[in-house]
Amino acid sequence: MSRQRPIRVGIMGFGQTGRQIYELAAMSEDVEIVAVADIGRPHILHYLLRSEVEQPEKFRLEGNFLVTDRFRSRLVEIDRPAEMPWDVFGVDAVIDSTGKFRDSQSMGDHLASGAPRVILRTLPTDDIDRIIIPGLNEASASADDRMISAGSATTGALALLLDSLAEQFEIVCGNMTTVHAYTSDQALQDYAGSDYRRSRSAAKNIIPNNHEASDWIGYFLPQFEGKILTSALNVPVQEGCLLDVNLVMADSAVDAEAINAAMCKAAQDHPGIIGVAEDPIVSSDVIGSPLSLLFDLKGTIKAGQNTIKTLSWYETRGHAARLLDVVRLYDSLDSRKEVA
Ligand SMILES: NC(=O)c1ccc[n+]([C@@H]2O[C@H](COP(=O)([O-])OP(=O)(O)OC[C@H]3O[C@@H](n4cnc5c(N)ncnc54)[C@H](O)[C@@H]3O)[C@@H](O)[C@H]2O)c1
C-alpha cells in the first residue's frame, strides 16, 4: 500500500553517515528529514554537508533550518537524546548515527523524547528489539519493534556474503578481515587513547583491530555461530573498504567459477543491495556506491582442496541507504497494521 504523506525522519549525529542519509533523503520522493540533532554548530554542519554533496547549491542554511527543494530541517545543537524534543517535530522515526548511544537506555531516551521508533546506525551494546540487515532478515521485523539496529556496514556485508554462498554450498568455517578506511574516532597523529594501536596515527599506519562481526554472525545466521573469525586492518584511505573472506568448503568440488556464479545469482536476487564487479576495481572506485556488497569476481581464488578466498567492496553510503531502507520497512509495516 502506498503512503499518503512522506515519512518524517529525525537524525541525531550529522557526521559522515548522517550527511549521507540526508543527501539520499533529499534525492528521494518519500523521506523528509524534519530535524537534525548534533553537537556541531548549524553553520559548520551546513558547510560540511555542502563540501561533499553533488549539488551544494541545493542545500541552503536559513537561520537554524537546513533547506532543500523538498523539505526544511531544524538544526538543533544538543548532546543527549533525552534533551531532543522529537515530539515537537512529529517524527515517524529517528536515526541515531552518533555512534555514541548504542545502549537500550539511550535508545529509550529517544523514545521518551517522542520518537515512535529509533534506528541505530551501528550494532547495539545490549538487548534491543531487533537488528535488521536489509536483504537478509527483513521478514523478522514486527510493527511492535521500537528499538532497532541496522547492524554495521561490515557485519551486513559479511552476513550477506555468507548467506548468499550458504544457499548453495556447505561452509565449514572461515575468517574475515576488513581492510577498512580510517574512521573519525581514530587520531590523525599519535595520540594517547584507551587502546594502544588505535592511539597511533591513522594517516600513517595499517592498524590491526578487533572486529565484533564474529559476535553477531550467529544472530543472523545460526549455522555460523562460532565458525567465523573476524578482524580489521584500518588503513590510510579515507573512503572505501574491502572485505577479505577465506572459507573452508565442505565439498572439495567447489571452485572459483561456482562461487562467482552463486554471487551473480545473489546480485540478481538482491538488486540495489548486492552487486558484482567484473572490472579490476580498487577502493576509490567504490566511493559513492549505494550497495551493501560489491563482490569482486576477479578476486576469487582457490587454495588446496577446500579453501576459497573472496574479495568484496563496500562503503558508508551503502549503509546510509540501508538505514533508509529500514525506515521504509517499518513504515510499510505500520501502514499494513493501520489497514488491518
Ligand atoms: N564510518 C565508518 O566507516 C564506521 C565504521 C564502523 C563504525 N562506525 C561508527 O559509527 C559512528 C558514526 O559513523 P560516522 O562515520 O558517521 O561518524 P562521524 O564521527 O563522522 O559522525 C558522528 C556525528 O555525531 C555527532 N555527535 C557525536 N557525539 C554526539 C552527541 N553526544 N550528541 C549529538 N551528536 C553527537 C558528531 O558531531 C558527528 O557529527 C562512528 O562513531 C563509529 O563509531 C563508523
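The model shown is predicted, which means the values in this text are computed figures rather than measured ones.

## Points about the site of the ligand
Then, number 1: The environment of the ligand is formed by 24 residues, the closest being G13, G15, T17, G99 and S184.
Then, number 2: Put simply, the parts of the chain that give the shell around the ligand at least two residues each are α1 (16-27) and β2 (31-38).
Then, number 3: Per-element accounting of the shell around the ligand gives the leading share, three residues, to α1.
Then, number 4: Residues belonging to the shell around the ligand are distributed by class as follows: five nonpolar, 14 polar and five charged.
Then, number 5: No fewer than three residues from each of domain 1 (7-128) and domain 2 (153-315) sit in the shell around the ligand.

## A word on the UniProt feature "domain: Glyceraldehyde 3-phosphate dehydrogenase NAD(P) binding" (unreviewed entry) in the chain
Then, number 1: Listed under "domain: Glyceraldehyde 3-phosphate dehydrogenase NAD(P) binding" (unreviewed entry) in the UniProt record, and renumbered for this structure, are residues 7-153.
Then, number 2: End C-alpha to end C-alpha, residues 7-153 measures 23 Å, and it is 25% helix and 26% strand.

## Notes on the environment of Y330
Then, number 1: Residue placement: Y330 occurs in helix α8 (residues 316-339).
Then, number 2: For the pair formed by Y330 and V94, sequence separation is 236 residues and the distance between their alpha carbons is 12 Å.
Then, number 3: With near-sequence residues (within four places) excluded, Y330 lies in contact with A93, R117, A141 and D145.

## Examining the environment of R72
Then, number 1: Mapped onto the elements, R72 comes out in strand β5 (residues 72-77).
Then, number 2: Considering only alpha carbons, one finds R72 and A35, 37 residues apart in sequence, at a separation of 8.1 Å.
Then, number 3: If we skip the residues at most four places from it in the chain, R72 touches F65 and V67.

## Notes on the nonpolar core
Then, number 1: Formed by 86 residues in total, the largest nonpolar core has its most connected members in V9, I119 and V327.
Then, number 2: Looking at this core, the element that brings in the most residues is helix α5 (residues 153-166), giving eight residues.
Then, number 3: Built from parts of two domains, this core gets at least three residues from each of domain 1 (7-128) and domain 2 (153-315).
Then, number 4: Leave out the neighbours within four places in its chain, and V9 touches A25, V31, E32, I33, V34, V91, D92, A93, I95 and V327.

## Some details on the confidence of the model for the chain
Then, number 1: When pLDDT is averaged along the chain, the result is 96, and 99% of the positions lie at 70 or above.
Then, number 2: Two numbers describe this predicted complex: its pTM, 0.96, and its ipTM, 0.96.

## With respect to the sheet that holds β2
By way of backbone hydrogen bonds, the strands of a sheet pair with one another, either parallel or antiparallel.
Then, number 1: The strand order β3-β4-β5-β2-β1-β6-β7-β9-β8 describes an open sheet built from nine strands, whose pairing is mixed. Whereas interior strands pair on both sides, the edge strands pair on one side only; in this sheet they are β3 (60-62) and β8 (130-131).
Then, number 2: Direction of pairing for strand β6 (residues 93-96) relative to strand β7 (residues 118-120): parallel, over a ladder of three bridges. Bridge assignment links V94 to a residue of β7, and that residue is V118.

Here is what the cut-offs are and how they apply
- Residues numbered from 1 in each chain as written.
- Predicted model: local features only at pLDDT ≥ 70, side-chain atom pairs only at ≥ 80, totals over all residues.
- Near = placed C-beta within 6 Å.
- Helix = DSSP H or I, 4+ residues; strand = E, 2+ residues; numbered from the N terminus.
- Nonpolar A, V, L, I, M, F, W, Y, C, P; charged D, E, K, R; others polar.
- Domains from an automatic or database assignment.
- UniProt positions renumbered as here; feature names shortened; annotations may be inferred.
- Contact = placed C-beta atoms within 7 Å.
- Core = buried A, V, L, I, M, F, W, Y, C linked by C-beta atoms within 7 Å.
- Buried ≥ 20, exposed ≤ 12 C-beta atoms within 10 Å, placed from the backbone.
- pLDDT = per-residue confidence, 0-100.
- Pairing = 2+ DSSP bridges.

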